[in-house]
Protein chains: 2
Amino acid sequence: MKKKVSMKDIAQQLGVSTALVSYVLNDQLTDRINKDTAEKIKQLAEELNYRPNHIAKSLKSNRTNTIGLILADISNPFSAHLARIIEDEAKKNKYSVIFGSADENPKKSQDLINLLLSRQVDGFIIAPAEGSEKQLLLLQKQDVPFVLIDRYFPGLNVNHIAIDNYKAAYDAVAHLIRNGYQEIGMINFKTTLFHLEERVRGYNEALKDGNMDVSGANFREVNEKYITEEVKQRIDELLGKTTAIDALFFGSNNLAIEGMAYIQSLKIKVPEELAIVCFDEANAYNLFYCPLTYVRQPLLQIGQKAVEVLLASIKAPEALEHVILNAELVVNESSIPRKQR
Amino acid sequence: MKKKVSMKDIAQQLGVSTALVSYVLNDQLTDRINKDTAEKIKQLAEELNYRPNHIAKSLKSNRTNTIGLILADISNPFSAHLARIIEDEAKKNKYSVIFGSADENPKKSQDLINLLLSRQVDGFIIAPAEGSEKQLLLLQKQDVPFVLIDRYFPGLNVNHIAIDNYKAAYDAVAHLIRNGYQEIGMINFKTTLFHLEERVRGYNEALKDGNMDVSGANFREVNEKYITEEVKQRIDELLGKTTAIDALFFGSNNLAIEGMAYIQSLKIKVPEELAIVCFDEANAYNLFYCPLTYVRQPLLQIGQKAVEVLLASIKAPEALEHVILNAELVVNESSIPRKQR
DNA sequence: CTGAAAGCGCTTACAG
DNA sequence: CTGAAAGCGCTTACAG
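Residues numbered from 1 in each chain as written. Chains lettered and ligands numbered in written order. Predicted model: local features only at pLDDT ≥ 70, side-chain atom pairs only at ≥ 80, totals over all residues.

## Topic: the protein's contact with DNA strand D
- Around DNA strand D, 24 residues are found, and the nearest of them are N34(A), S6(B), A19(B), S22(B) and A56(B).
- At the level of secondary structure, the elements contributing two or more residues to the surface near DNA strand D comprise α2 (18-25) and α4 (54-61) of chain A together with α2 (18-25) and α4 (54-61) of chain B.
- Class assignment of the residues belonging to the surface near DNA strand D gives a composition of 12 nonpolar, 8 polar and 4 charged. (Near = placed C-beta within 6 Å. Helix = DSSP H or I, 4+ residues; strand = E, 2+ residues; numbered from the N terminus. Nonpolar A, V, L, I, M, F, W, Y, C, P; charged D, E, K, R; others polar.)

Structure follows, in structure tokens:
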């Protein structure tokens, strides 16, 4: 790259000090500065296509106006959508976003945090990986502002924005019960992540309140690494039981997409043979022959709130915010009342 | 945030100069430096949890090891996947990625470029919006390294990585012709973007080589802003003709997903009543009852090559690379031979 | 083997 | 109304 023009260049050409140039270009001390000189400086800056060097500014101010965004995997549509919202919102506030994928791996997450820290990000927005509690505590100890999204750890008293996963799952399953389904299965990831556990809790509680079997006979877990194969196995299991399931609740959009692709290939009739409720949105759902009922998370709110809370936290690190939003059950044909069939 | 520890802190505590600290922590001049002092410095750095300030380094070196990534929309799965690959690849090379969405809007694109430029990114990877030629020329004039992906402008002699869209479309349509389809429709965006025009050219050329009607009677365009409504209209038109289409080729994954959702809702039998070929991959395709034939772009190669070419270009700005990769037609049931039906 | 010093591009009290 | 100077945290020729 060519050498960029600096304030010094402008100052020298005009025979003034860089201080003056700085004041003028930053619209400071406007009342004390000669209008003509100010005009000249602005004009020359324009002419030379001067662009302030943020890096130098940052070194002085100790602020980069940059947010570090750590997601599990930006190519997951849920994360991508959130990333998009966060970037938009950050830009409105004159912040940029550097991002990285932690891949559900605490080691990668720690490396990313270190990397972004050395790049002096002003704070983080993190969808934390399983097992990353310690590094978050460390961040907190170092007074680095951050906010967790989507997931959080009930033991950690840090900023977080998430939905009420318990309630969302409870509502989804209660809806199925209300519509007359008797054997409601659930497929979830095998995990200790709180937000996913909450979904299971909601599922169980709804079953209990509906006076249904709470033995867990209709509940199955899937290892995230072998999602495609295991989802198939679990569905086979649930359908092969002596009392086969007549409804299925997926704990996440990945699971739902894998599961629905399989159900599709099995030529199972939804909802006649099997009712379906998914977690999270996906435009993929529209390609399935039967419009799917799903839990919609308020992504826009989550993203915007995350930026808002982070920026507040950068300014005033004291206050912590725990924001719990409500998800919405979008009811479609895949879960219509059993009797109506 | 708490004050971070700097080299100065380490130097003072040890009674040495910051120069020494710098040399040691950067493993320079190792043969000339006293092993004991070196050891002490390293230990104290560790103890104090010292993290180099990239910002300061950048100010000196005029390098930020940061790539600016400008995409149309990161929440589009195609872009998101690419973003993921680029970030991975960048990280391997010790680069970070700052991203932004231009939303097919040249004004936004220009703003993003300015913003990232003031943040001193070392170069750009850009999926350029329609009408952004001028700003790219300006970048080039300023000797800012960049590489275009996915799209490019044939008149601009700049780095770009893309697939042979003409060939990909030609192959797709030739495949349909070979399989006995007579009235092959295509739905594309209304655009002057070269890569999309190339797809139309491939479509037309394949029709011509197959001695089929080249009047454009089976070709339709869609305004990106009203994609959902217009895709429906265009499909209605193509199916409502006196000689209705018996096959349909979608020019992009967005169009395909919208289109397939509609075709799904119309209860049209694929491929019996209508054969389908889509452009680009989408896991959504798996939810459709009939496995879809599609053109697969080598995203991994595109992303990796983009980073490679950009980094080369940062080091040696002279050489320009125009990389054209081949797409692959993934054949599935949605386009099986007509006779076999 | 090590330190003093200049400099990267900016900001900002201070002096005049 | 304006400039000289210090400083942000680092690097790197240069001198000794």
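## Re the pairing of strand β5 (residues 159-163) of chain A
Residues and elements named next belong to chain A.
- The element β5 is extensively covered by neighbouring structure, given that 5 of its 5 residues are classed as buried.
- Every second residue of β5 is oriented toward a common face, with N159, I161 and I163 on one face and H160 and A162 on the other, all of them buried.
- Sheet topology note: the strand β4 (residues 146-149)/β5 ladder contains 3 bridges and is parallel. In the strand pairing of β5, I149 is matched with I161. (Buried ≥ 20, exposed ≤ 12 C-beta atoms within 10 Å, placed from the backbone. Pairing = 2+ DSSP bridges.)

## Observations concerning the protein's contact with DNA strand C
- Around DNA strand C sit 25 residues, and of these S6(A), A19(A), S22(A), A56(A) and N34(B) come closest.
- Residues that form the surface near DNA strand C fall into these classes: 12 nonpolar, 8 polar and 5 charged.

## Some remarks on the domain arrangement of chain A
- Here chain A is partitioned into domain 1 (7-52), domain 2 (65-162 + 299-325) and domain 3 (165-297 + 329-335).
- Put simply, the middle of domain 1 of chain A and the middle of domain 3 of chain A, counted by C-alpha atoms, are 64 Å apart. (Domains from an automatic or database assignment.)

## Looking at the relation of the copies chain A and chain B
- The operation relating chain A to chain B is a screw motion whose rotation component is 180°, with 0.0 Å of axial translation and a residual RMSD of 0.1 Å. Here the copies are linked by what is in effect a two-fold axis.
- Taken as a fraction of all interface residues of chain A, those also at the interface in chain B reach 100%, which identifies the copy contact as same-surface. (Least-squares fit on C-alpha atoms with pLDDT ≥ 70 in both. Contact = placed C-beta atoms within 7 Å.)

## A few points about helix α3 (residues 35-47) of chain B
- Helix length check: α3(B) (13 residues) gives 18 Å between terminal C-alpha atoms against 18 Å at 1.5 Å per residue, within 8%.
- Immediately beyond the C-terminal end of α3(B), within one or two residues, lies N49(B), with a positive phi of roughly 60°. (Expected span 1.5 Å × (residues − 1).)

## Observations regarding the sheet that holds strand β6 (residues 184-189) of chain A
All names here are of chain A.
- Across the sheet, which stays open at both edges, the 6 strands sit in the order β7-β6-β8-β9-β10-β12 with mixed pairing between neighbours. Edge strands, defined here as strands with exactly one partner in the open sheet, are β7 (219-222) and β12 (328-330). Each neighbouring strand pair of the sheet contributes to a mean axis angle of 20°, computed without reference to strand direction.
- Taken together, the 4 bridges between β6 and strand β8 (residues 247-250) define a ladder with parallel strand orientation. Each residue of the ladder has a partner; that of G185, found in β8, is L248. (Axes fitted to C-alpha atoms, helices over the stretch in contact; angles between N-to-C directions.)

## So, the packing of helix α8 (residues 165-178) of chain A against helix α9 (residues 194-209) of chain A
Residues and elements named next belong to chain A.
- Running from N to C, α8 and α9 point in directions that differ by 35°, and their axes come no closer than 7 Å. Of the two possible hands of crossing, α8 and α9 adopt the one that is right-handed. Between α8 and α9, the contacting residues are N165, Y166, K167, A168, A169, Y170, V173, A174 and I177 on the first element and H195, E198, R199, R201, G202, Y203, E205, A206 and L207 on the second.
- Looking at the contact of α8 with α9 residue by residue, the classes come out as 10 nonpolar, 3 polar and 5 charged. (Left-handed = near helix turned anticlockwise from the far one by under 90°.)

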